[in-house]
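Residues per chain, in single letters:
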Amino acid sequence: MDPELRACLANLARTPQLLIACDYDGTLAPIVTDPAKAAPLPETVAALRALATLPQTKVAVISGRALRDLAALSRLPSEIHLVGSHGSEFDVSFTHALTPEQVTLRDKIYAAVADLVRDKEGVRLEPKPAGIAVHTRTAPRDVAAEVLAAIQAGPGSWDDVQSTEGKEVVDLSVMTTHKGTALDALRSQLGASAVLFIGDDVTDENAFAHLHGPDMGIRVGEGETLARHRVDDTEDVAHVLADLLQIRRGWLYGEQSVLIERHSMLADGAANALVTPDARITWMCHPKPDSGALFADLLGGTTAGHFTVEPVGGGLPLGQRYRHETMSVETRWSGLTVTDWLDRTHLEAGDAHSTTLVRELSGNGTARVTFAPRPEFGSLPVRLQPLGDGLLMLGYNEPLVLRAPGVEWEVTSDGQNDTATATVDLTAFGGHVALEMRCGSNDLSDSALPVGERREGSEAHWRDWAAKLNLPRLKRDMVMRSALALRALCYEPTGAILAAATTSLPEDLGGVRNWDYRYCWFRDGAMSARALVELGSLPEAERFLKWCAGVLESTGGHPEWLSPLYTIDGGSLPPEGIIDTLPGYAGSRPVRVNNNANKQVQLDVFGPVADLVAAVADLRGRLTDFEAEVILAMADAVERRWHEPDHGIWEAPQPPRHHVYSKVMCWFTIDKAIQLADRHGLPRKESWAGLRAAIAENVLEHGWDENLRTYTAAYGEPDLDAATLWIGLTGLLDPADQRFIDTVEATEAALRSGSAVYRYKRDDGLPGVEGGFLICAAWLIESYLKIGRRADAEELFTQLIDQAGPTGLFPEQWDPLAERGLGNHPQAYSHLGFVHCALLLDA
Ligand SMILES: O=P(O)(O)OC[C@H]1O[C@H](O[C@H]2O[C@H](CO)[C@@H](O)[C@H](O)[C@H]2O)[C@H](O)[C@@H](O)[C@@H]1O
């Protein structure tokens, strides 16, 4: 196939809502002498049928034939829209749409044509609901010319009669529609974002004339045309459709869905990036981790942007690992090692806007490098210009260069975007090449500090930090990796902590449970910082609490009005949106940005923050003024709102309920405030003791279900929730109390399935089924320990270990049947749960 045609098809295949419309005779079916015997090519039918079953893909045939004849001849299934009579007949009851005058006129045409062609050798008539086709293909040439002239001078010239000439046919109709108007109607009816039209005849030119924007037209065979592309015959059409099917299917379902947990994260303390087990940068946002993606291959395949290094000879890597106690990742093949890391130099100089991704290639092999940045999730077409010691990206208002001295690039375009490729013989470079993608810079010159020194400096940051941790003996290295992952999710410039590095990795493969976690939740952030405090590191918690204090200020003295989450800068999130040009991980759509949960009421969020303040004060031995302000604000918020129903920790888009977990966390907040007053001199409020007792009494009475003999998810409702375990984990209920033991057992029975612990099983109003939550497994492990079931705790912990990817990172969830991770990655919840359990079990 012509490469330009293929490139355009590939672009078209990536439109969110595609309409494929084809003419019938001469396009799907080869032209034959007898119109009643025109059958479509079987390969064409197979491709059309398969295309029509794809999501976000519609198929239509727009023919000059009567709809009834088109259906009978083509035998196409009902999911393919058929339009007959040159775009007039959209359904079989069409004849009823003719006015009595049109019926009279059509019958007059039938009679006149019958008279004109009587005794004319080889001329065939094909009556249609709104007119008639006069075929001359089998007539002697002189007879054909005579009949054509007579028709044109006769009924073809009458008022309100439309005469259309095609291949050895003239069509007379009392309707004035044509294929262009039919295409317009289909486009709006089906909500197409782009259209492919394929046709072979003069009548198809009306459809080509109505194409615009990202649409594509293909003319079959000879003849003047408005279509931009041309193929020879109906067999070529079959090839085009088969190719389109393959490309679109790949795009919709994910060309290569690397298991979520197998991705490793690079980080510099502000930015992050994900790398696949075979050294493809598959995810990176710029200028901030919650900005638009520069590489969104993870959610849209290679066309959504990637940066790949591979050996020219191909083959799977020998392995991949983090360089010891750092956030640098090494991927090794025989003769080629790729070392990926994010340079901290700018950040340490106070520049949080710039990010440098360094990819060091070493060895004696030959590597192929493909650089395909696609800013803003691929919505900004870019050009790449070789310049000096590298490449300059054009078409993006953020400067970006790739420094690669001595590397020769070949730049190709797919019509929209440029891609740069290079073959690098490492021996010719002395065994080492450094590729530096500098985001936020157009400087291609050599840095003051050599790459090796910068790597040393960046790695020393992580190593020095890790060296100060109090790590357990149990699974020391994995806990270290979890700690580093949590540290890497901390956004140093503001102190915010991301819930995860990604958006829209699915909780249900192929489903719609895809959310954006690149923000800072009070709950998740506090729990993350708390886990690091448990490991002996205070700065992340101190910075996070400063971030909290900043956000609190923005409530104007109303901490009870806090949103559950904010941007990493402490701002409110814009409304949730969808990137409909991305097909999603393994076809899991939609890809969402922002998160509407920020408008929910979640009254539990004060508890983890209060717990963090208490842990920080205990470790430091003192409470600072701004931490005191934070805890007082949290206690005030609880006092004002604890009695209200809320949306709860899991953010289901459902009416608020009196969630047991939220009430428990309100109790926890006051309990921690009292503890801080006792231990660290926090000014005590008289009301706290009574408030704490009132909340406890309320939860213990209303959260209990006597029939089920368990605390449930919400007052008066029978569904269970793993978060309810916190009734015992906080100490609100003595873990030795039979009601807690019963709750643990009921939770295990209802929500645990093998190695997975589900958060709940109730219908949450969303389609699809999700995996077990790793953090819920951690809560159950802690609960087992609290009720003296150590062996069960150890067993579930071992199962949790198996859910980590090869470089030790955890996603949000686990599918115990498919044995694969689900949800955003790496997920702070999962890592903090793992750290906490390892510390508990190590004791
Ligand atoms: O819009 P189309 O689907 O291409 O229909 C246009 C006309 O196609 C048919 O006639 C043509 O195909 C016949 C079978 O191959 C051939 O014998 C004839 O010469 C062609 O003109 C159909 O019979 C007409 O009604 C359509 O108007």
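Residues numbered from 1 in each chain as written. Predicted model: local features only at pLDDT ≥ 70, side-chain atom pairs only at ≥ 80, totals over all residues. Heavy atoms only, no water.

- For the protein chain, the name recorded in an unreviewed UniProt entry is Trehalose-phosphatase, with Actinorhabdospora filicis as its organism.

## Some thoughts on the layout of surface pockets
Remark: the empty space left among the atoms is shown by a probe the size of a water molecule rolled over them.
For step 1, the next point in the chain: Reported here for the largest pocket is a volume of approximately 870 Å³.
For step 2, the next point in the chain: Forming the walls of the largest pocket are 39 residues, and the residues nearest its centre are N11, L12, R14, P214 and Q416.
For step 3, the next point in the chain: Contributions of two or more residues to the lining of the largest pocket are made by α1 (3–12), β9 (216–220) and α11 (375–378).
For step 4, the next point in the chain: Class assignment for the residues of the lining of the largest pocket results in 18 nonpolar, 15 polar and 6 charged. (1 Å grid on protein atoms, 1.4 Å probe; cavity = no way out; pocket = protein on both sides within 12 Å on 5 of 7 lines; lining within 4 Å. Points joined across faces, edges and corners; volume = space filled by probe spheres on them. Helix = DSSP H or I, 4+ residues; strand = E, 2+ residues; numbered from the N terminus. Nonpolar A, V, L, I, M, F, W, Y, C, P; charged D, E, K, R; others polar.)

## Focus on the packing of aromatic side chains
Aromatic ring pairs are defined here through the distance separating the ring centres and the angle between the ring planes.
For step 1, the next point in the chain: Following the criterion strictly, the structure yields 18 aromatic pairs and no others.
For step 2, the next point in the chain: Between W547 and Y566, the ring centres sit 6.3 Å apart and the planes meet at 75°, which makes this aromatic pair edge-to-face. Of this pair, W547 sits in helix α15 (residues 539–553) while Y566 is found in strand β30 (residues 565–566), placing the two residues 19 residues apart along the sequence. Assigned by exposure class, W547 and Y566 land together as buried.
For step 3, the next point in the chain: Seen in terms of ring centroids, F668 and W726 are 6.4 Å apart; in terms of plane orientation they differ by 55°. Their pairing is tilted. Taken together, the residues F668 in helix α18 (residues 660–680) and W726 in helix α20 (residues 726–729) connect sequence positions 58 residues apart. The pair F668 / W726 is uniform in exposure class, with both members buried.
For step 4, the next point in the chain: Among the aromatic residues, ring-to-ring pairing joins W650, Y661, F668, W726, F773 and W779 into one connected group.
For step 5, the next point in the chain: Positioned above the aromatic ring of W465 is the side chain of R487, whose terminal nitrogen or guanidinium carbon lies 5.9 Å from the ring centre. (Phe/Tyr/Trp six-rings, centres within 6.5 Å; stacked < 30°, edge-to-face > 60°. Buried < 20%, exposed > 50% of the residue type's maximum accessible area, 1.4 Å probe, protein only. Lys NZ or Arg CZ within 6 Å of the ring centre and 35° of its normal.)

## Thoughts on the nonpolar core
For step 1, the next point in the chain: Among the nonpolar cores identified, the biggest contains 193 residues, and F371, M437 and W779 are the most heavily contacted of them.
For step 2, the next point in the chain: With 12 residues, the single largest contributor to this core is α18.
For step 3, the next point in the chain: Those residues within four positions of M437 in sequence are excluded, and the remaining contacts are M284, L294, F295, F307, T355, T356, L357, F371, L400, V401 and L402.
For step 4, the next point in the chain: If you look at the next biggest cluster of nonpolar residues, it comprises 43 residues, including L12, L18, L196 and W251. (Core = buried A, V, L, I, M, F, W, Y, C linked by side-chain atoms within 4.5 Å. Contact = heavy atoms within 4.5 Å.)

## Here we look at the pattern of salt bridges
For step 1, the next point in the chain: Evaluated as defined, the whole model comprises 69 salt bridges.
For step 2, the next point in the chain: Between D618 and R679 there is a salt bridge, and its shortest N-O distance comes to 2.6 Å. Taken together, the residues span a long stretch of sequence, with D618 in helix α16 (residues 606–620) and R679 in helix α18 at a distance of 61 residues.
For step 3, the next point in the chain: In this structure D618 comes out as partly exposed when scored by relative accessible area, which is 37%.
For step 4, the next point in the chain: The partner of E706 in a salt bridge is R709, and the shortest N-O contact between them spans 2.7 Å.
For step 5, the next point in the chain: Classification of E706 as partly exposed rests on a relative accessible area of 49%.
For step 6, the next point in the chain: Judged by its relative accessible area of 37%, R709 is partly exposed. (Salt bridge = Lys/Arg side-chain N within 4 Å of Asp/Glu carboxyl O.)

## Overview of the UniProt feature "domain: GH15-like" (unreviewed entry) in the protein chain
For step 1, the next point in the chain: If you check UniProt for "domain: GH15-like" (unreviewed entry), the listed places come out as residues 475–838 in our numbering.
For step 2, the next point in the chain: Secondary structure across residues 475–838 comprises 45% helix and 8% strand; the distance between its end C-alpha atoms is 7 Å. (UniProt positions renumbered as here; feature names shortened; annotations may be inferred.)

## Details of the site of the ligand
For step 1, the next point in the chain: Near the ligand, the surroundings consist of 23 residues, among which D23, E126, R137, K167 and K179 are the closest.
For step 2, the next point in the chain: Here an oxygen atom of the ligand and a backbone polar atom of Y24 are 3.2 Å apart.
For step 3, the next point in the chain: Between the ligand and E126 there is a distance of 2.6 Å, counted from an oxygen atom to a side-chain nitrogen or oxygen.
For step 4, the next point in the chain: Comparing atom positions with the cavity grids shows the ligand to sit within the largest cavity.
For step 5, the next point in the chain: If you list the elements that add at least two residues to the shell around the ligand, you get β4 (124–128), β5 (131–135) and β7 (169–173).
For step 6, the next point in the chain: A class-by-class count of the residues in the shell around the ligand yields 8 nonpolar, 5 polar and 10 charged. (Near = heavy atom within 4 Å. Polar contact = N/O pair within 3.5 Å; in protein donor to acceptor, adjacent residues only side chain to side chain. Sits in = over half its atoms within 2 Å of the grid points.)

## Points about the sheet that holds strand β19 (residues 355–362)
For step 1, the next point in the chain: Strand order in the open sheet formed by 8 strands is β16-β17-β18-β19-β26-β23-β22-β21, and the pairing between neighbours is antiparallel. Each edge of the open sheet is held by one strand with a lone partner, namely β16 (319–322) and β21 (383–387). Pairs of neighbouring strands in the sheet enclose a mean axial angle of 15°, with direction left out of account.
For step 2, the next point in the chain: Bridge count between strand β23 (residues 400–403) and strand β26 (residues 432–439): 4 bridges; the pairing is antiparallel. (Pairing = 2+ DSSP bridges. Axes fitted to C-alpha atoms, helices over the stretch in contact; angles between N-to-C directions.)

## Side note on the environment of G703
For step 1, the next point in the chain: Take G703: it is sitting in the loop between α19 (687–702) and β33 (704–705).
For step 2, the next point in the chain: Since its relative accessible area comes to 0%, G703 is described here as buried.
For step 3, the next point in the chain: Residues G703 and Y661 lie 42 residues apart in sequence; the distance between their C-alpha atoms is 9.5 Å.
For step 4, the next point in the chain: When near neighbours in sequence (up to four residues on either side) are disregarded, G703 contacts V660, N698, T710, Y711, T712 and Y715.

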